[in-house]
Amino acid sequence: MSAQSFGCDFGTSSIKIYSKESDTIYSEKNMVAIEEKKGMIAYGDEAFDMHEKAPANIDVFYPMSFGTVASITYMQEFLRAFLESHTKGNLKGAEFVIALPTDVQDRVFTTLIQGTGLKSKNVALIDKPVAAGLGLGLDVTQAQGVMLVDVGADTTEISILSLGGTVTSKLIKVGGNKIDEAIANAIRREYGYFIGNKTAEILKNELGYQPGNTTDSREICGRNMALGLPAMLEITADFVANAISEQLKSIVDAIKMILERTPPELGVDIIRNGIFLTGGVANLTGLDDLIAKATNIRVNQVERPEECVARGLARVIKEKEFRSLTFATKEQAYN
Ligand SMILES: Nc1ncnc2c1ncn2[C@@H]1O[C@H](COP(=O)(O)OP(=O)(O)OP(=O)(O)O)[C@@H](O)[C@H]1O
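What counts, and at which threshold
Residues numbered from 1 in each chain as written. Predicted model: local features only at pLDDT ≥ 70, side-chain atom pairs only at ≥ 80, totals over all residues. Pairing = 2+ DSSP bridges. Helix = DSSP H or I, 4+ residues; strand = E, 2+ residues; numbered from the N terminus. Domains from an automatic or database assignment. Contact = placed C-beta atoms within 7 Å. Nonpolar A, V, L, I, M, F, W, Y, C, P; charged D, E, K, R; others polar. Core = buried A, V, L, I, M, F, W, Y, C linked by C-beta atoms within 7 Å. Buried ≥ 20, exposed ≤ 12 C-beta atoms within 10 Å, placed from the backbone.

### Overview of the sheet that holds strand S11 (residues 146-151)
In step 1: Judged by pairing direction, the sheet is mixed, and its five strands sit side by side in the order S13-S12-S11-S17-S18 without closing on themselves. Sheet topology places strand S13 (165-172) and strand S18 (299-300) at the edges, where each strand pairs with a single neighbour.
In step 2: Bridging between S11 and strand S17 (residues 275-278) involves four bridges; their strand directions are parallel. Note on S17: the bridge partner recorded for Met-147 is Ile-275.

Right, here's the structure in full:
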């Protein structure tokens, strides 16, 4: 393998890159700030700080959407700048291992990397659920009947793995962003206040899903729509739970649907191993209990669940025996 190897998880809300050189996972908001005449003026966490605050001539947006690349030019520019800022020395000839989400075409990421002008040596892909399984510390080549539920920003990916492959996999377009939207909509309806996405995200992350909890609350600033003025408002955990219950129900329903379709031989293993919840929304208070109650299956807690895929990519790069789980796009293979 080349000295420079990177494992990339191009998430919709944050990009996580493992660098072999420093043996570190770097994570930043997957956001770019574009000024009309100057092009990209900021990226990552710096661009996120400008989000919802920038003047009209600066466009701040996510170059990824629902697991796939929405703006290839800016994703490439971001990637290049990101790698240059986090690595020393020459990037030429680097090798990339990329997590491929369910239902996303493999060539999307190969084209992305090849167009960065980095003259990469090789682009290998691995199914994102398989990478997540490795990141959990499982030997996915041996393990049978492992159920993974990855709840990210735009999508939830539910997969059953067995012997290194994906037996079933389903991607639904529900994740943290839809949950944030549901909170903002409920506050608009109930209180007549407009709040930004960042505020809705704070409420979700701090209060989670705690139906009946009227003790815990959070004060936020919104715009009173009747007066047109900013004002403070107290939101309880119970209010947030009611606001997000429909979104969580779609996630639970999709999990149950996959379980219904799972062959009983694998079902036994899933009951024994429990369900593995990964992705940033796995941090949501109460989500594990909700899934456990609805399925009667234990849900396993995972450390830093949003980095699980990147940890798996690190194992692919460092542990040779997992190399066989990767593949190349057809275009590359025929070159
Ligand atoms: N403590 C928390 N409670 C609830 N949600 C959280 C918490 N911390 C982070 N999140 C949410 O996790 C999501 C980001 O997760 P992750 O990094 O796995 O997504 P992604 O990989 O960028 O998205 P996708 O998988 O859809 O491409 C965001 O919606 C964020 O608000």
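Moving on from the model shown.
### Focus: the domain arrangement of the protein chain
In step 1: Domain boundaries assigned for the protein chain yield domain 1 (5-132 + 308-334) and domain 2 (142-301).
In step 2: Averaged C-alpha coordinates put domain 1 and domain 2 at centres separated by 25 Å.
In step 3: Across the boundary between the two partners, domain 1 contributes 18 residues, which contact 19 residues of domain 2.
In step 4: When residues in the side of domain 1 that touches domain 2 are grouped by element, the largest group, four residues, is from helix H4 (residues 128-135).
In step 5: Looking at the side of domain 1 that touches domain 2 residue by residue, the classes come out as seven nonpolar, seven polar and four charged.

### With respect to the nonpolar core
In step 1: If you look at the biggest cluster of nonpolar residues, it comprises 91 residues, and the most contacted ones within it are Ile-126, Ile-183, Val-240 and Leu-313.
In step 2: The leading source of residues in this core is helix H7 (residues 237-261), at 10 residues.
In step 3: Residue-level mapping places this core at the junction of two domains, with at least three residues from each of domain 1 (5-132 + 308-334) and domain 2 (142-301).
In step 4: The residues contacting Ile-183, other than those within four sequence positions of it, are Ala-200, Leu-203, Lys-204, Val-240, Ala-243 and Ile-244.

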